[in-house]
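# Architecture and fold: a report
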Amino acid sequence: MSSARDPLHVTGEVLVVKKIGAYRHLTIAASGIAERYRPGTFVAVSIGDLTPRAHLARRSFWITGVRPTGSHGPTIELVVEPRGVGSTWLADRRQGDHLELTGPLGRPFALPKEPVSCLLVGEGYAAGALFPLAERLRARSCTVTMLLGAPDEVHLLGALDARRAARAVSVVTGDGSVGRRGDIAGALPEVMDGIEVVYATGSHGALHAVAAAAEQHGAWSQVAVETPQACGTGLCQGCPLPVVGEDGVARVVRACAEGPVIRGDRVRWADLGVS
């Protein structure tokens, strides 16, 4: 018998597809997955209509929102940046299409038991995973500040939504088209004062910068580390994540099962190619 937190495999129906900037926003009827969702978890989507071999492949995407009720039942939301074959296939779906989904998968963000001052840092499309987290934190009377970054305006996600979700919002873009010119690492010193817990999504470089800034300021950090995943369920052992355990011993865990959310000071960033 499965528990309320076990992942499910369901056939979902695409209800809405919107193009916003460089991304596609998909709303999918996915009863069961929506009810079991917690911020930081994801779904594995079976990719079809390519080749017999690719039909078996999966791609993992952050769940960026859920609605427990609606005319089509519970729904989940995904943000897709069409870059490779799989993400482009998903971005091309239309209303009424059906998708094979497995989820929610992965280790979610841990929520504080007491009200604390939180900083949420999101880079590019990955920032979408932070908005449901902001809602949960506010419900626990936490103070929420957000820092969003992207190379340019079309790759910046949710700047307006952030202003509704957080007490204060800072935005940086590489070309200066929105907010200040710069990157996540350069903006962190200005937003860390008084922060007790930092949550972050984005590139490995941005996550490393967050983990370092949190440690320097005496804050806890939780980072959602993206790695290529063959199955998303941990069975294939194909998403190694180098970490240091609680016992101080270096080891490798599965990013999709023991992660993707992990303490920033536990990741061996150099082994991920981040200096």
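What this report covers is the structure whose coordinates are included nearby. (Residues numbered from 1 in each chain as written. Predicted model: local features only at pLDDT ≥ 70, side-chain atom pairs only at ≥ 80, totals over all residues. Heavy atoms only, no water.)

### A short note on the environment of alanine 126
Operational definition: Counting from the N terminus, the helices are DSSP H or I runs at least four residues long and the strands are E runs at least two residues long. Contact definition: two residues touch when any of their heavy atoms are within 4.5 Å.
Mapped onto the elements, alanine 126 comes out in the loop between strand S7 (117-123) and helix H3 (130-139). The spatial distance from the C-alpha of alanine 126 to the C-alpha of alanine 224 is 9.1 Å, given a sequence separation of 98 residues. Excluding residues that lie within four positions of it along the chain, alanine 126 makes contacts with Trp62, Thr201, Gly202 and Glu226.

### Description of the sheet that holds strand S5 (residues 75-80)
Note on sheets: strands pair through backbone hydrogen bonds, and any given pair is parallel or antiparallel. Inclusion rule: Two strands are counted as paired when DSSP detects at least two bridges linking them. Lines fitted to C-alpha atoms define the axes, with helix axes restricted to the stretch in contact, and inter-axis angles between N-to-C directions lie between 0 and 180 degrees.
Spatial ordering of the closed barrel is given by S1-S2-S5-S4-S3-S6, a layout of six strands whose pairing is antiparallel. Between one strand axis and the next, the sheet turns through 45 degrees on average, direction left out of account. Where strand S1 (residues 8-20) and strand S2 (residues 23-29) come together, seven bridges link them in antiparallel fashion. Across the sheet, glutamate 13 pairs through a bridge with alanine 29, a residue of S2.

### Some details on H3
Applicable threshold: Classification of residues uses two cut-offs on accessible area relative to the type maximum, computed with a 1.4 Å probe and protein chains only: under 20% is buried, over 50% is exposed, and between them is partly exposed.
Within H3, the full set of buried residues consists of Leu130, Phe131, Pro132, Leu133, Ala134 and Leu137. Next to the buried residues of H3 lie strand S4 (58-67), S7, strand S8 (143-150), helix H4 (159-165) and strand S11 (197-201). Directly beyond the C-terminal end of H3, a positive phi value near 65 degrees is found at serine 141.

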